[in-house]
Every structure is written in C-alpha cells, then in structure tokens.
Amino acid sequence: AGLLQRVRSRAFVACDSQGKRIAFVSMDTGMGGIVLNNRVLQILEKDKKLVDENTGEPLYTHANVAISGTHTHSAQSGFLEHTIFQFAGSGWVEDTIDTFVKGVAESIYLAHQNMQPANAYVNIGNLHNAAINRSPTAYMLNPEWERQKYKYNTDHEMTLLKFTSSNSNNQDPKELGMFNWFAVHPTSLNNSNHLIAGDNKGYASYLFEEWKNNNMKNNGERIKSSLTGQGDFVAAFAATNLGDVSPNLKGPKCRDTGLPCDAVHSTCNGRGELCSAFGPGEDMYESCQIIGKRQYEMAKKLYNNDNQNMQQISGGIDYIHTYVRMPGLNVTSNGEYLGTLCKAAMGESFAAGTIDGPGMFDFTQGTTTLKPFWNFIVDFLHKSTPEERACQHPKAILLPTGNLDIPYPWAPDVLPLQILKIGQFVILSVPSEFTTMSGRRLREHIQAKMVRDGLLDKDKGVVVIAGLTNGYADYTTTFEEYQEQRYEAGSTIYGPHQLNAYIQEMSKLADAMAKGIKLSPSAKPKDFSDRLVHTGGSLHTDHLPPKAKYFGQILYDVNKHYYLTDGKTIVSAIFAGANPLNNLRLQQTYIEVVRCLDAQCEDHSLVADDSDWETRIHVTKSREDIVEIYRTWKVEWYVPKHTQPGMYRFYLYGTSCLYNLLHTHHQFTDFVGKSSVFAIQKQGDYSFRPDQRVSMETFLN
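From a predicted model like this one, the values you see are computed outputs, not experimental measurements.

1. Quick notes on the overall build of the chain
Here's step 1: The secondary structure content of the chain amounts to 14 helices and 36 strands.
Here's step 2: By the compact-globule yardstick of 27 Å for 701 residues, the chain fits well, its C-alpha radius of gyration being 26 Å.
Here's step 3: Oriented by its inertia axes, the alpha-carbon framework of the chain measures out at about 85 × 70 × 60 Å.
Here's step 4: Split into buried and exposed, the 701 residues of the chain put 57% on the buried side.
Here's step 5: Of all intrachain contacts in the chain linking residues separated by at least 6 positions in sequence, the fraction that spans at least 24 positions is 74%.
Here's step 6: As displayed, the chain offers around 30,300 Å² of accessible surface, 50% of which is attributable to carbon and sulfur atoms.

And the structure:
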C-alpha cells in the first residue's frame, strides 16, 4: 500500500441575484454515495453560517448539492453501504467515509466562503486519441440510423465551464476555476496498482492547478510556492457518460500470445482473465500521465479559447431533485408501454470484469446462460423465479441482489435524480455509469424537451451528464446493447428498460422545473450505515522496526549523488515509520523534497510533496512477533528532467501512536525524519569521484 497522489474534493458554488444557488462537487473517488451525501449535508445544515438570513433554512440541501465521483479505481473504498459494493471493496471503513465527508464538506464551505461576483463561460471542443470503446460490438447493435449521426463510437467532446471574477473597476478579472466533462474511465492504473491516486482525471486536475497556481514554468520546471492543493484556483475533470469508454488505447490483447482478444467475449482461448487492455505508455503509470496530459492540454486550449468558440453564460440559477423507486416502475416511451423495471440483479458478465480489469474463474462477457455449477451456488442465496428471469432476459442472473438483504441489502432500490441549471448550462446528475449511446439519448432527449419548454435556447443551450452522482447504481446501457450482455449490460441492474426509465423520470424533472413546481419523491433511500460493522483496522501502538531507535530514523539512506536522465533517475530512502492513519495530514504532506539553499541545508526551498506525480510512498507493514507490528516507509523521487542541478534532501513527517491499555486512550507523537543531502547533476558531469561526498557550494546558485 502507499500513495502516488492525494485524492481531492473540488467544489464550485453558483448563486444568482435572487439568492438561488447550487453546489457541484467533483471528488477523486470511485463514485458518489447516499451515506456520503447524507453526512455531508448534516454537517452543512448544522453550520449557522450556512443558513438563509430571511427564512432560517439551510442554504445547501439534497436538492441543490451534487456530489460526483470521477470514478478513479485507485482511491480508498469502504464508503458504500450496500453489500455488493462492500464485497467489491474493503467492506465498511469508518476512516474512509469520515475523511471523505470532511473533505467534501470543507470544499463546499470554502467555495461558499470565497463567493464573489463572477462570470461563467462555456466552451466545447473535440479531444481525440484519449479513449476507445471497450464494448464496440455492443455499440454496433444500436440502430444504424442512430450510429450514423455520430462520427465516433465514444464521445470526443470535452465541455468546459470557466469562472472569472467580474470587476467593475476596469481591472483584469481574477481567474477562479474550471470544471470540465469528458468521457473516459480513470482506469489507466489497473488492479495491480496499490498506490492511492486520482488516475488520469486526478493527474489532469493536478496539472491544470499547478499551471494556474503558478507552480510550473512553461518548460515544465517546478517552482512551487506552496504545497499542492493549497492554491486559489480549482480545476476539476469530472465524470460523464464513461460507461463503455477505456483509456487503454492499445486495446484488448491476450497476455499469453499478444494477439487480439475475442471481440464479443473478451477472452483468450475461452479465458477472460487473460484478456487485458494496456497503453498508450510503456507501463500503467506512463499511460496514466499520457491520458491525463491529453485531457489537460485540451482543457487548456478550451480555457484559453483557442478555438474562438467560448460563450458567456447568462441567466439565473435553478435546480430540481427527487428520489425514484426503480423496481416495479412502469416505463413508457412516446405513449407506448415498454415494460416494468426489475428487481436488481447482476449478470454473469458482471463477474467477467472488463478489458480494463478482467475477472476470475470461468466467467465471460457476452454470456446469456449461467453455467450449471454457478447456478447451483447462486440458488443457495436466492432461487430466481421465472418472472424474475423473464424480466431480466436475456441476462443470465448471477447475483439476484435485489432479493438479498443478509447481512444488509445488497443493492439500492431508490435512486436520486437531479437537474442543476446555470443560465443556458444544464447538469443532469445521475447515479450510474451511462454508456456512450445511452448518455447521448438521455442528453439529447432532455435538451430537446427543455428547448420546447422554454428553459433552454436551441442554439445556446448546453447539457452535460454528471455520472456517478449523489449515489451509485452500477451501469446503464441502451436496450440494444443490453441484448449482447457484455460487462456493462450485465451490470445494468434493473433490466433492459433501465435507460428509458431514466429518460422518463428525468423528463418529469425537466417538466416540473419548467412549471416551477416540486416533485414529491415516491420514496427515500434507506441509510442503514448505523447498522454496518466497521471492517477497517483500528489504531494500535506503533512499534519500531528491528534495530531502529526512533521513528523517522533513516534505515536505508540515499546515494551521495545521482545523474539526471530523461525522467528515469530514481532517488529512494527507507525510514522507520508509523501508521499513516494516525494523522492523515489533510491539506498537508507526508514528505517533502527540498533543494538546499545553504551549505548546511538549513535554508531550503520546496521542490515536491506527496501530491506531486514524481513522488511515491510505499508503506510496508511487517510483524516482529505475535503482537508487535512495525512499518517502514520507502520514499521515492522520480527526478524530472528539468530539475536544476544542486543539493537536495528528503523530509518525512509522521505521527506515532501509543495505546495505553490502563487509560484506554491513544497518545500521538509527531516525528520528522530526514535523509542525508544528495547531489543531482547533469549526465556527463564527472567533477567528483563516486565515493566522494560532494561539496554543496559547488552546486548552490
């Protein structure tokens, strides 16, 4: 376990002259969640500074707050209450949910605190060579006339929202932030990665914020003036209809032969676990950088209005929200009855995984019949009725999650739906991963309706989907894609008419917004988090590694000197560490790489922290005996090619824990570790012998 980049919550608040407001959050997590929303709003609603002065009502509620996950697969799990998601992650971890709640609430509070008169702009452009469709055979099942409307089988459009202050004193406006939506899975880092990270979208946000917060020169050289994440400018790369969209551009190949996988089933000689997609880099970390940088560079062009397409947004704020009970919902389209939504169920292809993360055993995508062995096993949980199987047809039901409630309900049955509107810009908040075509249908249907109802201008209106927002209920495919039962269809839990149900219920929201009325929810989702058993670890006494005398002690020191290569020089050191959960050091850092400014390195400047891409922390937990557990921290710095020659040092910041059994409390003690000073010099500079410690004055400017 360890850390590649910190995951962050980024928020904007928009308020019009009438005091109507919305808050949108994009957070570097797998998805939003009902419990997360509930607990964030409990904090905000209790804050006396966040109430309407006239009515005394909370300014931020479920109706006007959207919390969207980017869908990185490399963030912490353990914050979703339903059993199926606990099996897929780390169970229920109070440390995770508490930290996420604090971070999201704080980001909304900061956005509220920093509100000022501002202008909003929207720009749209095409980003190519950043994504592929990972279920292209399913996409091809959509009607030909519909496919011919689009040039690509994924959405190449990036939609960007820009905020600047509006000054009346003829000064240049202050740049405040940027949010954008582009369809690609943050799965550049595959399931062999054990370091926390925001994946390609987190990396893109990092690059944009470093640029706008003046921490980076044009040539890529770092000139950090503060820790990462502490600048004023906020840049979010949010999730949209990314359901069938992969960042692994080389496509699915067989690990054993290197040949393309079977297109329909994503198998190699009948085995799904051998089929994986990689690229475009040499390894997953380089691939993550490439895809993240391409999103960053496109966003930069749109932000700078290179395409001369930017439009200022005018008009007021509006929002509407409801909850819908999905199982049993009657679905119609253009007055024609289509069917009824089913109780939630996962198909066999769900267990097969995807080309971004293959499953195990003998499950395959594109399967509509369950193998006898798994049929036998599943019947112990719940034997599906003929009616249930007919409702989900052609899905081969593997897990009838809607019928399982031991030890807790396995799947959600009541979902949040929401529309946020800033003038001519509309956000459709849905708790699902929509595929490319399902997202297009929802977006186009709601936009056309809002134009007809006078809510949007035909030429100026812009609609985006914010996926994985306010909750999570797996995937949504089109009816046609559902028939092939690839992974996305096997994870479309309410059956073949699920997309039309979303379109139907979101249309009701748009209609109510046009009429200025509120909708009464058919039900509210149950929050049973108070019943959940904490499965995460607890804090115990930290013990020192063998032969270590104190926490922060260097166990394996840096070399005396390193030559600069093209980003391939790695400086590393190992410290006697403690449990990182003792102190998460929120908005701070566990490590610093500093450049020495005097001979003793007492005066130094910050070069990198634990949120910079070139640093990595590996925490190894070992057992000395049956009781004592100790940890070592390996700190790595992948030295950027633009690094100035000079003298450098690592600092490690940690907190140790002593648990007093007699007094039943934890005693925490902060500690600091530091490496020896080391030299970074250009390749070919042989001014000293390898065994000679370099004089710092040689390199100091």
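Structure shown, so let's carry the discussion forward.
2. Some words on the pattern of salt bridges
Here's step 1: Counted under the stated rule, the structure contains 25 salt bridges.
Here's step 2: Here K224 and E210 are joined by a salt bridge, their closest N and O atoms 3.4 Å apart. Taken together, the residues K224 in the loop between α6 (199–212) and β10 (234–238) and E210 in helix α6 connect sequence positions 14 residues apart.
Here's step 3: A residue is classified by how much of its surface remains accessible, and E210, at 3% relative accessible area, is buried.
Here's step 4: Between R631 and D542 there is a salt bridge, and its shortest N-O distance comes to 3.5 Å. One end of the pair, R631, is in strand β33 (residues 629–639); the other, D542, is in the loop between α14 (498–515) and β27 (554–556), and 89 residues separate them in sequence.
Here's step 5: Assessed through its relative accessible area of 8%, D542 is described here as buried.
Here's step 6: Among the charged side chains, a salt-bridge network with shared partners connects E210, K224, D609 and D612.

3. A short note on unusual backbone geometry
Here's step 1: With an omega of 10°, the peptide bond running from H393 to P394 counts as cis.
Here's step 2: Considering the arrangement of structural elements, one finds P394 in the loop between α10 (386–392) and β21 (397–399).
Here's step 3: Along the chain, I406 connects to P407 via a cis peptide bond; the corresponding omega equals 0°.
Here's step 4: In this structure, P407 sits in the loop between β21 and β22 (414–422).
Here's step 5: The phi torsion at K547 lies on the positive side, around 75°, for a residue other than glycine.

4. Side note on the sheet that holds strand β23 (residues 425–429)
Here's step 1: Reading across from one edge, β15-β22-β23-β25 is the order of the four strands in this open sheet, with mixed pairing throughout. In the strand order of this sheet, the two ends are held by β15 (317–325) and β25 (462–466), each with one partner. Strand-to-strand twist of the sheet, defined as the mean angle between neighbouring strand axes without regard to direction, takes the value 15°.
Here's step 2: Helix-sheet contacts for helix α11 (residues 436–452) involve β22, β23 and β25, and the interaxial angle to β25 is about 140°.

5. Focus on the sheet that holds strand β1 (residues 2–3)
Here's step 1: Reading across the sheet, the six strands line up as β9-β1-β32-β33-β29-β27 and stay open at both edges, with mixed pairing between neighbours. Every other strand in the sheet has two partners, leaving β9 (195–196) and β27 as the edge strands with one partner each.
Here's step 2: Where β1 meets β9, two bridges bridge the pair, whose relative direction is parallel. Residue pairing across strands places G2 opposite L195, the latter belonging to β9.

6. Focus: the state of the cysteines
Here's step 1: As enumerated under the stated definition, the model contains four disulfides in all.
Here's step 2: Disulfide pairing places C254 opposite C268 at an S-S distance of 2.1 Å. Across the S-S bond of C254 and C268 the torsion is about -100°, and the bridge reads as left-handed. With C254 in strand β12 (residues 252–254) and C268 in the loop between β12 and β13 (275–277), the pair connects residues that are 14 residues apart, well separated along the chain.

7. Some thoughts on the environment of W410
Here's step 1: Mapped onto the fold, W410 is located in the loop between β21 and β22.
Here's step 2: For W410, a relative accessible area of 8% puts it in the buried group.
Here's step 3: In this structure the C-alpha to C-alpha distance between W410 and G279, which are 131 residues apart in sequence, comes to 35 Å.
Here's step 4: Setting aside anything within four residues of it in sequence, one finds W410 in contact with H82, T83, I84, F87, L399, T401, L404 and D405.

8. Looking at α14
Since the α-helix packs 3.6 residues into each turn, any two residues three or four apart lie on the same face.
Here's step 1: For α14, which comprises 18 residues, the first-to-last C-alpha distance of 26 Å matches the rise-based estimate of 26 Å (1.5 Å per residue) to within 8%.
Here's step 2: Most of α14 sits out of view: 14 of its 18 residues are buried.
Here's step 3: In the segment just after α14, G516 is the residue with positive phi, at about 70°.

9. Quick word on the packing of aromatic side chains
Two measures describe an aromatic ring pair: the distance that separates the ring centres and the angle between the ring planes.
Here's step 1: This structure, assessed with the given rule, holds 31 aromatic pairs.
Here's step 2: Here Y475 and Y487 contribute two aromatic rings whose centre-to-centre distance is 5.3 Å and whose plane-to-plane angle is 85°, an arrangement assigned as edge-to-face. With Y475 in strand β26 (residues 475–476) and Y487 in helix α13 (residues 487–490), this residue pair connects regions lying twelve residues apart in the sequence.
Here's step 3: For Y487, a relative accessible area of 15% gives the class buried.
Here's step 4: On the numbers, 5.5 Å between centres and 70° between planes, the contact of F650 with F678 is edge-to-face. Of the two residues, F650 is situated in strand β34 (residues 646–660) and F678 in strand β36 (residues 678–682); the sequence distance between them amounts to 28 residues. As far as the burial class goes, F650 and F678 line up, both buried.
Here's step 5: The rings of F12, F24, F163, F179, W181 and F425 are connected pair by pair, giving a single aromatic cluster.

10. Things to note about the pairing of strand β29 (residues 569–577)
Here's step 1: Counting buried residues along β29, seven of its nine residues qualify, which places the element largely inside the surrounding structure.
Here's step 2: Two elements, β27 and β29, share two bridges in a ladder whose sense is antiparallel. Directly across from Y556, in β29, lies its bridge partner I574.
Here's step 3: Relative to β33, β29 is paired through nine bridges, and the arrangement is antiparallel. Pairing of I570 across the sheet is with Y638, part of β33.

11. What to know about the packing of helix α1 (residues 34–46) against helix α3 (residues 94–113)
Here's step 1: One can describe the packing of α1 onto α3 by two numbers: an axis separation of 9 Å at closest approach and a directional angle of 50°. Between α1 and α3, the angle is such that the two are oblique. Between α1 and α3 lies a crossing of right-handed hand. In contact with V35, L36, R39, V40, I43 and L44 of α1, α3 contributes E94, I97, D98, F100, V101, V104, A105 and I108.
Here's step 2: Among the residues forming the contact of α1 with α3, the class breakdown is eleven nonpolar, no polar and three charged.

What counts, and at which threshold
- Residues numbered from 1 in each chain as written.
- Predicted model: local features only at pLDDT ≥ 70, side-chain atom pairs only at ≥ 80, totals over all residues.
- Heavy atoms only, no water.
- Helix = DSSP H or I, 4+ residues; strand = E, 2+ residues; numbered from the N terminus.
- Rg over C-alpha atoms; globule rule 2.2 N^0.38 Å.
- Buried < 20%, exposed > 50% of the residue type's maximum accessible area, 1.4 Å probe, protein only.
- Contact = heavy atoms within 4.5 Å.
- Areas by Shrake-Rupley, 256 points an atom, 1.4 Å probe, with all protein chains shown as cover.
- Salt bridge = Lys/Arg side-chain N within 4 Å of Asp/Glu carboxyl O.
- Pairing = 2+ DSSP bridges.
- Axes fitted to C-alpha atoms, helices over the stretch in contact; angles between N-to-C directions.
- Disulfide = S-S within 2.5 Å.
- Expected span 1.5 Å × (residues − 1).
- Phe/Tyr/Trp six-rings, centres within 6.5 Å; stacked < 30°, edge-to-face > 60°.
- Parallel < 35°, antiparallel > 145°, perpendicular 65-115°, else oblique.
- Left-handed = near helix turned anticlockwise from the far one by under 90°.
- Nonpolar A, V, L, I, M, F, W, Y, C, P; charged D, E, K, R; others polar.

Take it as geometry only, folks, not as evidence of what the structure does.
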